[in-house]
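Listed below are the residues making up each chain.
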Amino acid sequence: MVNRSPNALPVCLILLFVTSGAVAQDDEPRPPPVRLTVHPAAEPAPALKYRLLPEVRELTPGNAAVLYYRAFSPEWLTHLRPEVAKRLHEHAEHPDKMPLKEFRWVLTYKALREIDRAARRQFCDWELTERAREDAIGMPMPDIQGFREFARVLMLRTRLEIEDGAHDRVAYSLQTNFSLARHVGDAPTLIHALVGVTFARQAVGEVREWVQRPDAPNLYWALSNLPRPLIDMRKPLQGERLFLDSLWPEARDMLAADRPTPLSSAQVEKLVARLRGISWGNNRVDDRVDFAVHLAKVYPQARQTLLAHGWKAEDIDALPVIQTWFLAGTLTYDRIYDDLLKWTALPYAQALPAINETLRRLEREWADHRRAGGGSLAYLLLPAAGKVHTAPALLQREIDALRCVEALRLYAAAHDGKLPAELKDITEVPIPADPMTGKAFEYRLAGDTATLSAPAVMGRSLDPANPIKYEITLKK
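Residues numbered from 1 in each chain as written. Predicted model: local features only at pLDDT ≥ 70, side-chain atom pairs only at ≥ 80, totals over all residues. Heavy atoms only, no water.

### Thoughts on the overall build of the chain
Within the chain, the secondary structure is distributed over 18 helices and 9 strands. Residue pairs in contact within the chain that sit at least 24 positions apart in sequence constitute 75% of those at least 6 positions apart. (Helix = DSSP H or I, 4+ residues; strand = E, 2+ residues; numbered from the N terminus. Contact = heavy atoms within 4.5 Å.)

### Examining the sheet that holds strand E8 (residues 449-454)
Taken together, the 4 strands give an open sheet; going across it, the order is E2-E9-E8-E7, and neighbouring strands pair in mixed fashion. Sheet topology places strand E2 (34-38) and strand E7 (442-446) at the edges, where each strand pairs with a single neighbour. Averaged over all adjacent pairs, the angle separating strand axes in this sheet is 20°, with direction ignored. Sheet topology note: the E7/E8 ladder contains 5 bridges and is antiparallel. By the bridge assignment for E8, Arg444 is matched with Thr451. (Pairing = 2+ DSSP bridges. Axes fitted to C-alpha atoms, helices over the stretch in contact; angles between N-to-C directions.)

### A look at the nonpolar core
If you look at the biggest cluster of nonpolar residues, it comprises 127 residues, and the most contacted ones within it are Tyr68 and Leu452. A per-element tally of this core places helix H18 (residues 384-414) first, with 13 residues. Ignoring sequence-local partners within four residues, the contact set of Tyr68 consists of Ile115, Ala118, Ala119, Cys124, Trp126, Phe147, Ser179, Leu180 and His183. Membership of the second largest hydrophobic core comes to 6 residues, among which are Ile336, Leu340, Leu359 and Leu362. (Core = buried A, V, L, I, M, F, W, Y, C linked by side-chain atoms within 4.5 Å. Buried < 20%, exposed > 50% of the residue type's maximum accessible area, 1.4 Å probe, protein only.)

### Section: the packing of helix H4 (residues 110-118) against helix H6 (residues 143-164)
Axis separation between H4 and H6 bottoms out at 11 Å; the angle between their running directions is 95°. With respect to each other, H4 and H6 are oriented roughly perpendicular. Judged by residue contacts, Ala111, Leu112, Arg113, Ile115 and Asp116 of H4 engage Phe150, Val153, Leu154 and Arg157 from H6. Classifying every residue of the contact of H4 with H6 by side-chain character gives 6 nonpolar, no polar and 3 charged. (Parallel < 35°, antiparallel > 145°, perpendicular 65-115°, else oblique. Nonpolar A, V, L, I, M, F, W, Y, C, P; charged D, E, K, R; others polar.)

### Considering helix H13 (residues 265-275)
Turning to H13, its buried residues number three or more, namely Val268, Leu271, Val272 and Leu275. End-on view of H13: buried residues confined to an arc of 100°, all on one side of the axis. (Arc of directions from axis to C-beta.)

### Some words on the side chain of Thr189
Checked against the element boundaries, Thr189 lands in the loop between helix H7 (167-185) and helix H8 (190-210). Here Thr189 falls in the buried class, since its relative accessible area comes to 3%. Residue contacts for Thr189: discarding those within four places in its chain leaves Met139, Met141, Pro236 and Glu240.

### Concerning the pattern of salt bridges
Inspection of the entire model under this criterion finds 34 salt bridges. A salt bridge links Glu206 to Arg159; the nearest nitrogen and oxygen atoms lie 2.8 Å apart. Pair noted here: Glu206 is in helix H8 and Arg159 is in helix H6, with a separation of 47 residues, a long-range link. A relative accessible area of 7% means that Glu206 is categorised as buried. Relative accessible area serves as the criterion here: at 26%, Arg159 is assigned to the partly exposed category. A salt bridge links Arg213 to Asp215; its shortest N-O distance comes to 3.8 Å. Relative accessible area serves as the criterion here: at 23%, Arg213 is assigned to the partly exposed category. Connected through shared salt-bridge partners, Arg113, Asp116, Arg157, Glu161 and Arg169 make up one network. (Salt bridge = Lys/Arg side-chain N within 4 Å of Asp/Glu carboxyl O.)

### Topic: H7
Here H7 is 19 residues long and its end C-alpha atoms lie 27 Å apart, about the 27 Å a rise of 1.5 Å per residue gives. Extensive coverage of H7 is indicated by the burial of 15 of its 19 residues. (Expected span 1.5 Å × (residues − 1).)

### A look at the packing of H6 against H7
Interaxial distance between H6 and H7 falls to 9 Å at its minimum, and their mutual angle equals 160°. Judged by the angle between their axes, H6 and H7 are roughly antiparallel. For the crossing formed where H6 meets H7, the hand is left-handed. In contact with Phe147, Ala151, Leu154, Met155, Arg157, Thr158, Glu161 and Ile162 of H6, H7 contributes Arg169, Val170, Tyr172, Ser173, Leu174, Thr176, Asn177, Leu180 and Val184. Split by residue class, the contact of H6 with H7 holds 10 nonpolar, 4 polar and 3 charged. (Left-handed = near helix turned anticlockwise from the far one by under 90°.)

### Here's the deal with unusual backbone geometry
Cis geometry marks the peptide bond from Ala45 to Pro46, where omega comes out at 0°. When you line up the elements, Pro46 lands in the loop between E2 and strand E3 (60-63). Looking along the chain, the bond that leaves Arg228 and enters Pro229 is cis, with omega of -5°. Of note, Pro229 is situated in the loop between helix H9 (220-224) and helix H10 (234-239). The phi torsion at Glu127 lies on the positive side, around 55°, for a residue other than glycine. Tracing the sequence through the fold places Glu127 in the loop between strand E4 (121-123) and helix H5 (129-135). On the accessibility criterion, Glu127 (60% relative accessible area) is exposed.

### Focus: the packing of aromatic side chains
The final tally for this structure, using the stated rule, is 15 aromatic pairs. Arranged with centres 5.5 Å apart and planes meeting at 70°, the rings of Tyr69 and Trp126 form a pair that is edge-to-face. Residue Tyr69 is located in helix H2 (residues 64-70), and its partner Trp126 is located in the loop between E4 and H5; the two are separated by 57 residues in the primary sequence. The exposure class assigned to Trp126 is buried, which follows from its relative accessible area of 8%. Between Trp126 and Phe147, the ring centres sit 5.5 Å apart and the planes meet at 65°, which makes this aromatic pair edge-to-face. Taken as a pair, Trp126 in the loop between E4 and H5 and Phe147 in helix H6 lie far apart in primary sequence, 21 residues in all. A single burial state applies to Trp126 and to Phe147, both of which are buried. An aromatic cluster is defined as three or more aromatic residues linked by ring pairs; in this entry it consists of Tyr68, Tyr69, Phe72, Trp126, Phe147 and Phe150. (Phe/Tyr/Trp six-rings, centres within 6.5 Å; stacked < 30°, edge-to-face > 60°.)

None of the figures reported here should be taken as evidence of function without further support.
Okay, here's the thing in structure tokens:
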């Protein structure tokens, strides 16, 4: 395991805490079903009257990041005042014990108006790529928690507008919610992407509340027209490669050459300085003797890796040991990275078996490497890709499950307020499959109540979205 002290963790280690939670086991208690009470609702006219993302015609020139950060102006941050933050926390813990009307001030909150404007800019560039290249695992992210707090207040505003039956305002706030999620996720770190997924899942939760209003519009087409994937993981995943670049930016250029150029003593010292604070179990770069012993153990395998790369033995033997070790580690890192990343471009149901098999193979490889006394930066990536692929797929599952709910409302509006006996009876609109399995959602009708469900994803924490189980009661 690799760590940097004292305060920075590698992004893919943080990822484990963000994405895994408790591992779902067969004997772990399942969360209770989500009970939805809905009414028949035909397609609105026009069909996309209530969109969930702003249209191009609504976007204004400029960089959204400027306005998002402007929202942090201290005189606007009412929600961070201790007495207000305390009440917000109490509401989050016990929403049933605290009336929403206490928070009606959020309807005219200036900070949120700035977030609204930011969500409708033509692009969002956080200018973090160079920072990630420089700082990599040590890059500070103090704004992430700030955006979490903004998202919480934004959800409160949305809920108040739902309670008021202000459909146009609800749609506007949800557009801001989903835009914020996409903008936060559009950064070169996995943490940003996963926070974006969290914000989007919260927004889907508000959509679920909205469609239960007696006069709620049907949102089948609004949900169907959200981008797939809603949070694009390509930039965050590619940003992970910057980790090794921050330690030795020229390493990959050297690997592309026909033969390596030995580092000077000054360059070696510079590389050691960049590695300082990194550890492999009990081996620390800070302890030069221990690190030298460690390099001696792994050198034969590193040398073999560079020979397989196509370099001549005499050229490799002319390199400092630490250079051989780092170049071999970079080759291994890139191989592992691509072995995992290539599958994330495919639908989850297709990719998961291959990702799991790749992870098992890499775990065996890493175990063999450890038994030989080795340690490498390369294997930091091992657990990340499978979990990263799961997060946006779970989000898409929630969206598609709601599309099924809205399809049921469409069917009921055209069939005297009755639910279909089977999902395949719905011909008004296409019924989405569960993106986690590639198979149809499970559906069962009993009287006026239908159950829509999808199985738990093992290796993920259990919550109301994993597994999905909606008990849908139709009221006429």
